[in-house]
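# Chains, contacts and geometry: an overview
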Amino acid sequence: MFKAGFFLNDVQYRFYHHSNSQLRERSCFLREAKTDEELDQRIYSMGDFGRIMNASKRAKRIGLLFSSAEVDFQLDPKFVADISDIEQGDEVFSDGCGLMSKQLAKMVARKKGLVFRGTRYTPTVIQIRYLGYKGVLMIHPKMDVENRARDKETEHLHLAEFRKSMKKFKATSDNSFSVVGYSKPYSFGRLNNDIVVLLSSLGITNEKFLEKQAAYFEWIKSASIDVNAAIDFLTSTDKYPLAEKIFIDGLQPEHLREIRRLQMDEVTRHHDKETKKFKTRMLIHKSRRLYGVCDPHQVLKEGQVHIRVTMGRKGPSTPIHGDVVVVRNPCLHPGDCLKLRAVSHDALNDLVDCIVFATVAKPGHKAAPSMSSGGDLDGDEFFVCWDEDLVPTKAMEPYDYPPNREKKTKAITRLDLATYFASYNASGVARVSALHNKWAIASPEGALCAECQELNALHSQSVDGAVIKIPDLLKTPPEAPEGQRFIIDLLKEHEETFEAEFLEHRSNVAALNDIEVEEPKTVLERLLKTKKNALSEYEIFDLALRLSRKYKFDLVPYLPEIDVSALGAMEKHIMVSTLALSRIDFPHIWNSLFQSDILSSTDLNVHGLDSSFSLQKLYSSTVQSHATFFEYLRRATQSYTRKLLLIRIDDRFAIGIFMRGEIPWDEEPEVDDGVVVIPFLSQSSMTMPKNRPCPKGYRLHCSFSRMELFYKKRGDTFIFIQRSPQGLQSEVVGSIALEKISSGVKTQIGRLNRQPLAKIELHVVSNHDRVAHQMFDMWYDHVPTEEHLRRFPRKATPYRLNDIRDVDWSPLFDHEDDLSEAEVQRQREEWRVRLGRLEIVRQVMYPYAEDMIVARGKTRRQHTEHSIRRILVDATIDDLDFILEFCSLYHTDDELVLVFHHALRPEALPGPEFIAKWITRCPSLVFVLLRVYPPTDDLFLHPDVAELGLIREITHAIVRSANETRIAALVALEKIAASLASLRLHDYIDLLMEVSLSVRWKDLVQEVLLVLNESRLNHLPVPLSPIDVYAHKHALNIVFDRAEEAADECPCTEDGRPRLKQSTPPTQIKSLVLASAEGSWVESMFAVKAHIRVDTKHGIRLHSHVRLKATSKAENRFVDTTVLDGLVVVANKGEYRIKLMQPAPPELETMDWLIYSAGSIATSQAMLDALKTLVVEKSTCCRFYDIITGDVATSDDSDGESYCDRQKGKERAIPSPIESVDENVTLYDPRLQRVSGTPEDAGPSGHQLRDPERDRDENLGSDVGESSSSNSVGGEEALDIVVPSDDSLNESQMQAIRSWDGRLSLIWGPPAVDNVLERFIKVNGRERLLSDDQILRVATDQLKVNEDLHAFTLNDRVGGDVNENKRLLKKAEERVKKATIVFSTCAGAGLGILRKFKFDLAIIDEASQITEPCALIPFVKGVKRGIMVGDQ
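I will try to describe carefully the structure that is included in this document. (Residues numbered from 1 in each chain as written. Predicted model: local features only at pLDDT ≥ 70, side-chain atom pairs only at ≥ 80, totals over all residues. Heavy atoms only, no water.)

### Some details on the overall build of the chain
- Looking only at helices and strands, one finds 45 helices and 50 strands in the chain.
- Within the span of the chain, comprising 1432 residues, buried residues form 54% of the whole.
- Taking contacts inside the chain between residues at least 6 apart in sequence as the whole, the part at least 24 apart equals 73%.
- Just so you have it, the chain exposes about 64,200 Å², and 49% of that area is on carbon and sulfur atoms. (Helix = DSSP H or I, 4+ residues; strand = E, 2+ residues; numbered from the N terminus. Buried < 20%, exposed > 50% of the residue type's maximum accessible area, 1.4 Å probe, protein only. Contact = heavy atoms within 4.5 Å. Areas by Shrake-Rupley, 256 points an atom, 1.4 Å probe, with all protein chains shown as cover.)

### Here we look at helix α44 (residues 1369–1378)
- Buried within α44 are the following residues: L1369, A1372, E1373 and V1376. Taken down its axis, α44 places every buried residue within 100 degrees of arc, on the same side. Seen from the buried face of α44, the exposed residues on the opposite side, beyond 90 degrees, are K1370 and K1378.
- Among the structural elements, β47 (1335–1337) and α43 (1354–1358) are those in contact with the buried residues of α44. (Arc of directions from axis to C-beta.)

### Some points on the packing of helix α7 (residues 206–222) against helix α10 (residues 253–268)
- Two elements in contact, α7 and α10, have axes separated by 9 Å at closest approach and are oriented at 160 degrees. When the axes of α7 and α10 are compared, the pair comes out roughly antiparallel. Considering how the two elements wind past one another, α7 and α10 form a crossing that is left-handed. Between α7 and α10, the contacting residues are Y216, I220 and K221 on the first element and Q263, E266 and V267 on the second.
- In terms of residue class, the contact of α7 with α10 is built from three nonpolar, one polar and two charged. (Axes fitted to C-alpha atoms, helices over the stretch in contact; angles between N-to-C directions. Parallel < 35°, antiparallel > 145°, perpendicular 65-115°, else oblique. Left-handed = near helix turned anticlockwise from the far one by under 90°. Nonpolar A, V, L, I, M, F, W, Y, C, P; charged D, E, K, R; others polar.)

### Side note on the environment of N147
- Examined against the element boundaries, N147 turns out to sit in helix α5 (residues 141–149).
- Overall, N147 belongs to the buried group, its relative accessible area being 4%.
- Each C-alpha atom, one on N147 and one on L159, is 8.5 Å from the other, the two residues being 12 residues apart in sequence.
- Of note is the side chain of N147, whose polar atom sits 3.0 Å from the backbone nitrogen of H158. (Polar contact = N/O pair within 3.5 Å; in protein donor to acceptor, adjacent residues only side chain to side chain.)

### Some points on a nonpolar patch on the surface
- On the surface, a cluster of nonpolar side chains totalling about 350 Å² of accessible area is made up of M1, F6, L8 and L30.
- Here M1 is to be found in the segment before β1 (6–8).
- Residue classification places M1 among the exposed residues on the basis of a relative accessible area of 55%. (Patch = residues over 30% accessible without salt bridge, like charges linked within 9 Å, V, L, I, M, F, W, Y side chains within 5 Å. Salt bridge = Lys/Arg side-chain N within 4 Å of Asp/Glu carboxyl O.)

### Digging into a positive patch on the surface
- Positive charge collects at one region of the surface, where K106, R110, K111 and R120 lie side by side.
- Counting residues per element, the positive patch draws most heavily on helix α4 (residues 102–112), at three residues.
- Tracing the backbone through its elements, the reader meets R110 in helix α4. (Lys, Arg positive; Asp, Glu negative; His and termini not counted. Charge placed at Lys NZ, Arg CZ, Asp CG, Glu CD.)

### Re the sheet that holds strand β41 (residues 1123–1132)
- The strand order β37-β43-β40-β41-β42-β39-β38 describes an open sheet built from seven strands, whose pairing is antiparallel. Each edge of the sheet is formed by a strand with only one pairing partner; in this case those strands are β37 (1067–1069) and β38 (1071–1074). Here the average twist between neighbouring strands, direction ignored, is 40 degrees.
- Pairing between β38 and strand β39 (residues 1087–1091): four bridges, direction antiparallel. Within the sheet, the bridge partner assigned to V1073 lies in β39 and is K1089.
- In the packing of helix α36 (residues 1026–1049) onto the sheet, the strands contacted are β40 (1104–1110) and β43 (1153–1160), and the crossing angle to β43 comes to about 140 degrees. (Pairing = 2+ DSSP bridges.)

### A word on a negative patch on the surface
- A cluster of like negative charges, contributed by D814, E816, D817 and D818, occupies part of the molecular surface.
- Relative to the helices and strands, D818 is located in the loop between β36 (787–789) and α23 (821–845).

### Let's talk about the sheet that holds strand β30 (residues 698–702)
- Pairing is antiparallel in the open sheet, where five strands are placed in the order β30-β31-β32-β33-β34. Two strands lie at the open edges of the sheet, namely β30 and β34 (752–756), each paired on one side alone. Across this sheet, the average inter-strand angle for adjacent strands is 10 degrees, counted without regard to direction.
- The sheet contact formed by strand β31 (residues 706–711) and strand β32 (residues 717–723) spans five bridges and is antiparallel. If you follow R706 over to β32, its bridge partner there is Q722.
- The strands touched by helix α21 (residues 629–639) within the sheet are β30, β31, β32 and β33 (732–736), with β32 carrying the most contacts at an inclination of about 125 degrees.

Okay, structure coming up:
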């Protein structure tokens, strides 16, 4: 259907496209069209989607054209502008968030007809789609100021400014300004399953969640039995018209039926209609769901947010100040729950019902939205909660959410887009979420467990439909511990119980009519005395006025219950004019002192404060905590020109401080009569003292820790207010010099020094429309963060060393019941043999039986070499093997040496298998062997040992023990120097590589390599052949470089331990287990599986040289820190198989480990393999073997080439007529003459040509530039090289191209594999030399390939990563076989998919930048001709 469409009523419909939400819902649009070209023309005429070369990304960008919108109108592009993003390094803090003027916001409100509860409403944030821009626009008043200053005739107004990050594509035709959503008041947040699980893991108790859900259900239930509860329920769920009717008419039957319907909807939505899965959705009144925007002024600090929301009975724009939880859905990582500090700033006061994030951070830190589920600001909504019961005391380090890799192709057709839609699979998200839930249930840590964090990383990769591979270890969560209850299950049980009771009550229809209708005045009194979550104070007044008019009663007596401080100036005027109130009779409407908790009416009357001053209460300690006082003081002094501070010490005395004018913060300005101190003694019979103005010379200091009024110097202080010296944040103390008021006051009150202040108030004269705009009404007690949780905590769980005191020396025989009699007899016989051997072991361990009961800490007595012979005299080789196994398992090193020494007795020397096993299992035992059978004076192994043929095993054992034995290992190698010469060259090269992998200290590894090299060369037959000289020299150089790289990547101390300071920090291994390997015991003992969390950033890859360091300490015995070297031989997602260089300790699986990367050996190993191939196959693998090695005598003439022909090739390769070159010259000898001219004009290079008939086999790839090969190494047919007919080639370049017929040519030219490929593609486009399928780019890491060339890569050709999907291997091999020219790196030619392929011609680019062994990698692949292109 997606290819040809379908016919309906003789009309053909074809796949058109889909919105991004349709993609997830698996629906799309079909449109009438006869061809795909018609649809493409229609879509691509609306935007430049053709430049997007990733099918998924293009589909999403086109999907923006299909997004639903609430408002659409035409906006001329001349009224918009582009602005830069707010960036720091690579982090974009304004991602998706632009700016708009208030004028545009009002235009949107008018077009939409936005009215909130009868009043026109202008949103401060709108989510838009416009001209290829996607994101949100936030109100920015500065734009309106700038617009007013513009010359209307010559300059256009700027209604909107879009960030670069908002531009998703360039629209070409449609100027529709689409509004997808906008900020709204009272958008209460709801807890869902994800958030509950995360908060639970951060320490919020099950009881708190159950209490919240119980309160939520009671809130729902009471809506049908109480008018006030019904009003709160309806206004909180956006049903304000019905709330009005109920308040005016009461709970009438028709109203009750509607409420019941809404209640049922609220209750039943806890279960998904399709899956029936429980979904908690409890509404939290101290929370909101808010659009996120950025701070354009950069006034917020890192970790701060600015939040202003519309609050019940407080009107709009009440800021929050305190800790809040901010989280974006979907969320699976505990670090998604950000704990941020909400603050207020004047520059951001216009932003209401949204959350403003900081746009500054320390270098390397990420923007806060991206730390919560990888969010941004292009329309993401955040759950923001300030409920102290739900703000955790723990904070988790967030996940960094790296972006998914983008796969780019050369061309994208409509079929590609249809295929993307058809193959889009969201099942990965569902599978990961289900596993995350199971692991959270099973683990005592909940979502904090490592498995849940790994699954979160996989979830973030799969949200866009990407195919993910879940490691096997994560697929099998354990069962939950018995008795452990999961919070979601508890909430589900509670909800089901409530739902059953609620439905039973609802079925009683008679109950609907049993509700008693309350008196209107009673209803009004209750309304005025209760808190409302979603009604402003003016809305309450409006409802009260309508109720009083309907039932004809006077509203004036109820006015004291209305908080006039929450009303704006206009709203006060409306109330006064509506009720015909005079300012004289009702001064409290304008004067907040009438509602003071400190001053009485007598105090107001005596001091003349009972007039209609325009005072409003900013702060009261009875509402807000004492801890917030100094923050409110700052607001009062900085934002108001008239303020009155009231302080009550006790019932006898209060004082007021009236401050006029601006008062700088944290300074000591002179007040110049700008401060008046007013004493209040309402319960005293003495004459009221007069107000005390502060004349010139008085200074006032206000800061976050104290307020001090003093005369000239601080030693003469009048009033001193400070935080409690004991550090109690909820208490403020004060000291007052009462004699400065009057001696009578001091006599009556006494001394006031650091007295706790009972009550504090701040009243201000409003110079704004609404004091509520400047209030911190929602400051609550701060919830301190007691614990910061790291994503990757270092584990060091103590373990117990195996101890012989724990051995059961007489185990009972036990067998399964369903075994046959013969099997039982066989097992019984094995048990008897084991008992006998255990008895021998006991005698070996305890020469004196009484030592078996020696107290811990005391030393047991041991055998000598002579005494142990009596015990082992009759022991067989199998018995000795059993005893050595026991000694190794229980760390009885002395007995291990004694028993092995006994086994080596001359009269019964064991076979080579036994000795090889134990010097491999315990490398230090090789020194016992060399002590019992010392080498000869002429540096050969002892003849008895030499006969066993163990030179390879002995040298490897010495090398593996070098970290512990150091100088002894060097001496041992020197003592057997002559025997080292008997090693085959292959084995010797492998030994050198093992040195670089096993010996950790930089100086020691160099000494070992030099000793090996010198010992071997001094004892090889002389003269050495050219190939021997060549191989030994380059093998040593390769391994030296590898050892230096390991020392740089993971520097170690002299004792072989990784240093504490590493350029790349180590990674915690989740679990390390011995791998069950097929084959010999050696393979089994030296193979481990390391499980590393998939959400960890590390450099461990296939072929990585790694070092494992134990972090656990033995609790029953002191042992040195264990360090093991290893090589990664299999790398899967989260699981790595490692070949160890040293034997693993028996307790390996019970220990915690760190893994260090010491670099990759891939290139080094490829060079060594190439060197070994050259040594063995000589000219068979490389036609110019003689040129490389100088070994003319052994050059293979079987290919029919004469000596003269070879000399011709050498002369082409070394064309200098002046200087002769000896046979050992390297390819970058400075005497080599440049053949080609300028690199800028040079033709394409860095490729290999091949005959597609050759058989191949292998498995995977790296980065190289090469060509293909023919099945026949002899090469009977000459290759046809077509010289491009390009007039731009000069003579030297033409000469360079013609030099292909030499066996080896050296040319200078342009750099880099991808540059060569790009140039070749251009030439190929003109000359039509090859089809695209015949050109292949092979790389192990596709990210390193130029994006424009991805279409030529092997991964793109086979439709996936061969490294991660082995099923693509065969397909990849077929692709390589069909290719005529392959581009790769030199190292890549010896790795992965190309490792066993042969090639006829190799061209190496940037030849002067590589070592000679690196050039060997492609040259030993059956190459008949080679071209080396240098650079300048």
